[in-house]
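Summary of the model geometry
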Amino acid sequence: MSILAWNCRGLANPRAVRFLKELVKQFRRSLVFLSETLVEKSRIDYVGKRLGFSENWVVETGHHEGGLSLLWKDGSKVEIKGSCENFIDFEVYAEQIGDFNDLMYAKEKVGGRMHPRALLDGFCNVVEECSLCDLGFTGSMYTWERFRGTNKWVQERLDRGLVNDEWRRVFPDAELCMLDVSTSDHLPLLLQLHRRVYVPKKRRFKLENLWLREKDCMQIVESSWNEMHHADILFKINKCFRSRRDAYGVEKYNRARNEFHELLKRQEIYWQQRSKQFWLKDGDQNTRFFHKYASSRRRNNTVTKLKDKDDNWRDDVHGVQQSVFIQGRLLTDNALKAFEINHYIKRKTQGKQEVAGLKLDVSKAYDRLEWGFLELILAKFGFSGDWIARVMLCVKTVSYSFIHNGEIFGNIKPGRGLRQCDPISPYLYIMCVEGLSAIIRRNEVAG
């Protein structure tokens, strides 16, 4: 079990709810503790339902301040021992995690006035009397801040985890992590009882199209590309990838945080629209736009006439064996005709004229297409040898690899088949099927 604790500074803010939902989704927590919720129990019930938590314990706020809540999923063994406006005493394991609103050491504060020594000693004495010790942490040193980006900027470590010796023996690998992003002035705390062993993975570089919308993208690529004149292409690409990890200042940090919350809002709108809970104004506008765009593409991609070898335009062009994409004929008509023909063959018991039906089940057609057959078909269609050589170069240079736990294995070179999702593959396959149809027709005529 892992526990998420956060001083959310109000759950009435939709941005805080979206951020909390993203945290639960990303880290898959089964128990969440929230302080300073500033809302009533009905709001906690609503938020818990949205996050997928079936159970909760709420200490309601008074006069729009304070408020505590504990949310957990059905199946988690949680026993509430007691609660008041300052804490919720619950038993899962004997750990204390959350916002203590005080410091243990003077080094846990940067900026502002010096923290009173009496408060530091008082907190340390209480921790010692309760036989607790600091769990430690990973991530940011400070969990609370105020006046960021000004000369009054203050940072403090007000949130921590305290455990006793018995708990430490039961969970020797437990780790408390300070998450870096928050909609509140407090950072969320993530307690993992069983630390995951980090295994470094080899990452392949993949261009994300959204990078092209970044203002600094072109500048980063150009500067990184020009630094290494004699390096190979892969080294330059990786250099561009590493150059994106620069340290951001206060201005860029705030901008990135606002963009992050805007993306969360857009994501919520996106799924709300597709779940058909209600239609949004922006969604309606996008719908009309894309309908017009799709209609325009359909008009441009429609072929109404073809010119034959005698330069005559024909608007009714189809082969003798063609049974689909014919005006006035439905695709389902073919199934009915096939059923009737099969029924006729089964019932035919008299007459000298024999009939037969050939049923072809093309399984994994792309993977089983022989390259030699493809070359013969292209030559039969009258393509030049140079063009055929170029097409076969594209077909035969394919190789496959496997990704296991983030690492790439193997370099398999096939001896047949077409690439999936290659724009030219459907056309090559259609020509091969046309060749197969010609072979069947020839043998049909020959008897």
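For the structure, check the block above.
About the cut-offs
- Residues numbered from 1 in each chain as written.
- Predicted model: local features only at pLDDT ≥ 70, side-chain atom pairs only at ≥ 80, totals over all residues.
- Heavy atoms only, no water.
- Axes fitted to C-alpha atoms, helices over the stretch in contact; angles between N-to-C directions.
- Helix = DSSP H or I, 4+ residues; strand = E, 2+ residues; numbered from the N terminus.
- Parallel < 35°, antiparallel > 145°, perpendicular 65-115°, else oblique.
- Left-handed = near helix turned anticlockwise from the far one by under 90°.
- Contact = heavy atoms within 4.5 Å.
- Nonpolar A, V, L, I, M, F, W, Y, C, P; charged D, E, K, R; others polar.
- Buried < 20%, exposed > 50% of the residue type's maximum accessible area, 1.4 Å probe, protein only.
- Expected span 1.5 Å × (residues − 1).
- Arc of directions from axis to C-beta.
- Phe/Tyr/Trp six-rings, centres within 6.5 Å; stacked < 30°, edge-to-face > 60°.
- Salt bridge = Lys/Arg side-chain N within 4 Å of Asp/Glu carboxyl O.
- Pairing = 2+ DSSP bridges.

1. As for the packing of helix H1 (residues 14-27) against helix H2 (residues 41-51)
- At a closest axis distance of 10 Å, the pairing of H1 and H2 adopts a crossing angle of 40°. Classified by the interaxial angle, the pair formed by H1 and H2 is oblique. Two packed elements cross with a definite hand, and for H1 against H2 that hand is right-handed. For the pair H1 and H2, the contacting residues are Val17, Leu20, Lys21 and Val24 in the first and Arg43, Val47, Arg50 and Leu51 in the second.
- In the contact of H1 with H2, the residues fall into 5 nonpolar, no polar and 3 charged.

2. A few points about unusual backbone geometry
- Non-glycine residue Arg9 carries a positive phi angle of around 55°.
- The phi torsion at Glu36 lies on the positive side, around 50°, for a residue other than glycine.
- Looking at where Glu36 falls in the secondary structure, it is placed in the loop between strand E2 (31-35) and H2.
- Residue Glu36 is classed as partly exposed on the basis of its relative accessible area of 26%.

3. Considerations on helix H3 (residues 117-129)
- Taking 1.5 Å of rise per residue, the 13 residues of H3 would be expected to cover 18 Å, and the 18 Å separating its terminal C-alpha atoms lies within 8% of that figure.
- The complete set of buried residues in H3 reads Leu120, Phe123 and Val127. For H3, the angular spread of buried residues about the axis comes to 70°, placing them on one side. Opposite its buried face, H3 presents the exposed residues Arg117, Ala118, Glu128 and Glu129, each directed more than 90 degrees away.
- Two residues or fewer after H3 comes Ser131, characterised by a positive phi angle close to 60°.

4. Notes on the packing of aromatic side chains
- By the definition in use, this model includes 4 aromatic pairs.
- Here Tyr366 and Tyr429 contribute two aromatic rings whose centre-to-centre distance is 5.4 Å and whose plane-to-plane angle is 50°, an arrangement assigned as tilted. On the criterion of sequence distance, the pair formed by Tyr366 in the loop between helix H9 (331-347) and helix H10 (371-380) and Tyr429 in helix H12 (residues 425-446) is long-range, its members being 63 residues apart.
- Using a relative accessible area of 18% as the deciding quantity, one classes Tyr366 as buried.
- Its relative accessible area of 22% is what places Tyr429 among the partly exposed residues.

5. Notes on the pattern of salt bridges
- Counting across every chain of the model gives 13 salt bridges.
- With its nearest N and O atoms 2.6 Å apart, the salt bridge here joins Arg160 to Glu108. Of this pair, Arg160 sits in strand E13 (residues 159-163) while Glu108 sits in the loop between strand E7 (95-99) and strand E8 (109-110), and the two are 52 residues apart along the sequence. An identical accessibility class is assigned to Arg160 and Glu108; each is buried.

6. Comments concerning the sheet that holds E8
- One open sheet holds the 3 strands; their spatial order is E8-E12-E11, and the pairing between them is antiparallel. The two strands at the open ends of the sheet, each matched to only one other strand, are E8 and strand E11 (144-146).
- The pairing of E8 with strand E12 (residues 154-156) spans 2 bridges and is antiparallel. When the bridges of E12 are listed, Lys109 appears paired with Glu156.

7. Thoughts on the environment of Gly415
- Tracing the backbone shows Gly415 in the loop between strand E19 (407-412) and H12.
- Residues Gly415 and Lys396 lie 19 residues apart in sequence; the distance between their C-alpha atoms is 7.7 Å.

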